[in-house]
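Residue-level listing of the chains:
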Amino acid sequence: MESQPEANLKCPICLEIFQDPVILWCSHGFCLQRWWTETSVTCPICRTTFLQGDPPQNLALKNLCEAYLLQTAQGKSDTLLCGRS
Ligand SMILES: [Zn+2]
Ligand SMILES: [Zn+2]
């Protein structure tokens with residue numbers, strides 16, 4: 001596990017590969033999950049609350065994650081979902 005690319009693709013909250021990653025204005029990134037509401041979001045890392053409506057999706061990161069998941073989908077299809085069931 002020394003230089004696995006997935007180290008940069010893991011959500012610090014759920015410790016899985018990002019699912020629909022967003023980057024908050026505090027520059028913390030995580031995947032879009034239930035703490036995101038229509039009117040505000042509190043960063044689960046630094047607890048800063050932002051009154052914003054649109055999640056700033058990190059499409060570049062999302063693409064990286066999707067590419068990674070495609071590469072690894074054959075072997076571990078049960079562990080791909082991040083915060084969803
Ligand atoms: Zn996550
Ligand atoms: Zn933050």
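The paragraphs below set out a description of the structure included in this document. These numbers were taken from a predicted model, which means no experiment stands behind them.

A look at the overall build of the protein chain
The number of helices and strands found in the protein chain is 1 helix and 4 strands. Each helix (α) and strand (β) of the protein chain, taken in turn from the N terminus, gives the series β-β-β-β-α. Looking at the protein chain residue by residue over its 85 residues, the buried ones come to 31%. Intrachain contacts of the protein chain at a sequence separation of at least 6 include 41% that bridge at least 24 residues.

Side note on the pattern of salt bridges
Per the counting criterion, the structure on display carries 1 salt bridge. Among the salt bridges present, the one from Lys62 reaches Asp20, with a minimum N-O distance of 3.1 Å. Here Asp20 lies in the segment before strand S1 (21–23) and Lys62 lies in helix H1 (residues 59–72), a separation of 42 residues in the sequence.

Focus: the nonpolar core
Soluble, globular proteins show a tendency: their nonpolar side chains are buried together. Membership of the largest hydrophobic core comes to 16 residues, with the highest contact counts inside it found for Leu9, Ile17, Phe18, Leu24, Phe50 and Cys65. Those elements giving two or more residues to this core turn out to be strand S2 (29–31) and H1. In contact with Phe50, other than residues within four places in its own chain, are Leu24, Trp25, Cys26, Thr39, Ser40, Val41 and Cys43.

As for the environment of Cys31
Inspection of the secondary structure puts Cys31 in strand S2. Taking C-alpha positions, Cys31 is 9.4 Å from Lys62, a pair spaced 31 residues apart along the chain.

Thoughts on the coordination of the zinc ion (ligand 2)
When a metal holds four donors in a tetrahedron, each ideal angle between them is 109.5 degrees; when it holds six in an octahedron, the ideal angles are 90 or 180 degrees. Donor atoms from the polypeptide that bind the zinc ion (ligand 2) are Cys26 (SG), His28 (ND1), Cys43 (SG) and Cys46 (SG), placed at 1.9 to 2.3 Å. One way to put it: the 4 donor atoms around the zinc ion (ligand 2) meet at angles of 107 to 111°, and that makes the site tetrahedral. One chain supplies every donor for the zinc ion (ligand 2), spaced along it as C-x1-H-x14-C-x2-C. Note that His28 is positioned in the loop between S1 and S2 and Cys46 in the loop between strand S3 (41–42) and strand S4 (49–50), a separation of 18 residues in sequence. Exposure remark for His28: the relative accessible area of 24% places this residue in the partly exposed category.

Quick notes on the rules
- Residues numbered from 1 in each chain as written.
- Chains lettered and ligands numbered in written order.
- Predicted model: local features only at pLDDT ≥ 70, side-chain atom pairs only at ≥ 80, totals over all residues.
- Heavy atoms only, no water.
- Helix = DSSP H or I, 4+ residues; strand = E, 2+ residues; numbered from the N terminus.
- Buried < 20%, exposed > 50% of the residue type's maximum accessible area, 1.4 Å probe, protein only.
- Contact = heavy atoms within 4.5 Å.
- Salt bridge = Lys/Arg side-chain N within 4 Å of Asp/Glu carboxyl O.
- Core = buried A, V, L, I, M, F, W, Y, C linked by side-chain atoms within 4.5 Å.
- Donors = N, O, S within 2.8 Å, 3.2 Å for Na, K, Ca; no water.
- Tetrahedral: all angles 85-135°; square planar, octahedral: opposite > 155°, others 65-115°.

The quantities given are spatial measurements derived from coordinates; they are silent on function.
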